[in-house]
Amino acid sequence: MNEGEQTVQQVIELEDAELAPILFGSHDRHLRTIRTALGVTLTARNGLLRIEGKESQVKKAVEVFNRLLEIVRKYKMLKDKEVEEVINAVETGKKLITP
């Protein structure tokens, strides 16, 4: 992470309120995994997910959430392993093929 990087904030709107509990995980487990892995601050309220942190990390977090949302929309579930695989793919710049 570049020390000179500025702190930014981005908001993702969850268009379907039923997706939030799946995306966030039981007791927000998935949010904690992403927060820890990417070093961002996450705040979820009223169908909005606010991501705050260094610009490069926020971009990665947005990419992670967008990819995870694709999985959630398609399968209506999300496993811990899938969250970890998506984070790893975004961190390493790899393409991820969802089942």
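Refer to the structure presented above.
Residues numbered from 1 in each chain as written. Predicted model: local features only at pLDDT ≥ 70, side-chain atom pairs only at ≥ 80, totals over all residues. Heavy atoms only, no water.

### Details of helix 4 (residues 80–92)
Quick note on the threshold: Secondary structure is summarised from DSSP: a helix means a run of H or I of at least four residues, a strand means a run of E of at least two, and numbering begins at the N terminus for each. Helices are assigned an expected span. That span is 1.5 Å times one less than the residue count. Contact definition: two residues touch when any of their heavy atoms are within 4.5 Å.
Taking 1.5 Å of rise per residue, 13 residues should cover 18 Å, and helix 4 covers 18 Å from first to last C-alpha, within 8% of that figure. Taken together, the buried residues of helix 4 touch helix 2 (29–38) and helix 3 (55–75). Phi turns positive one or two residues past the end of helix 4, at G93, with a value near 75°.

### Points about the sheet that holds strand 3 (residues 48–54)
The line we're drawing: Any two strands with at least two DSSP bridges between them are considered paired. Lines fitted to C-alpha atoms define the axes here, with helix axes fitted over just the stretch in contact, and angles between the N-to-C directions of these axes take values from 0 to 180 degrees.
Spatially, 3 strands are ordered 1-3-2 in an open sheet, and the strand pairing comes out antiparallel. With partners counted over all chains shown, the strands left at the sheet margins are strand 1 (7–13) and strand 2 (41–45), one partner each. For this sheet the average axis-to-axis angle between neighbouring strands, irrespective of direction, equals 15°. Of the pairings in the sheet, the one linking strand 2 to strand 3 comprises 5 bridges and is antiparallel in character. Opposite A44, over in strand 3, you have L49 as the bridge partner. Strands strand 1, strand 2 and strand 3 of the sheet are contacted by helix 3, whose axis makes an angle of about 150° with strand 3.

### Regarding the pairing of strand 3
With 7 bridges joining them, strand 1 and strand 3 adopt antiparallel strand pairing. Each residue of the ladder has a partner; that of I12, found in strand 3, is L49. Hairpin connection, strand 2 to strand 3: the antiparallel pair is bridged by 2 residues, and N46 has positive phi, about 50°.

### Digging into helix 2
Operational definition: For the exposure calls, accessible area comes from a 1.4 Å probe over protein chains only, and a residue counts as buried if that area is under 20% of its type's maximum, exposed if over 50%, partly exposed in between. It is the directions from the helix axis to the C-beta atoms whose arc is reported.
Within helix 2, burial applies to H30, L31, I34 and L38. Projected down its long axis, helix 2 shows its buried positions confined to an angular sector of 100°, all on one face. Against helix 1 (19–24), strand 2, strand 3, helix 3 and helix 4 lie the buried residues of helix 2. Within two residues after helix 2, G39 carries a phi angle of roughly 65°, on the positive side.

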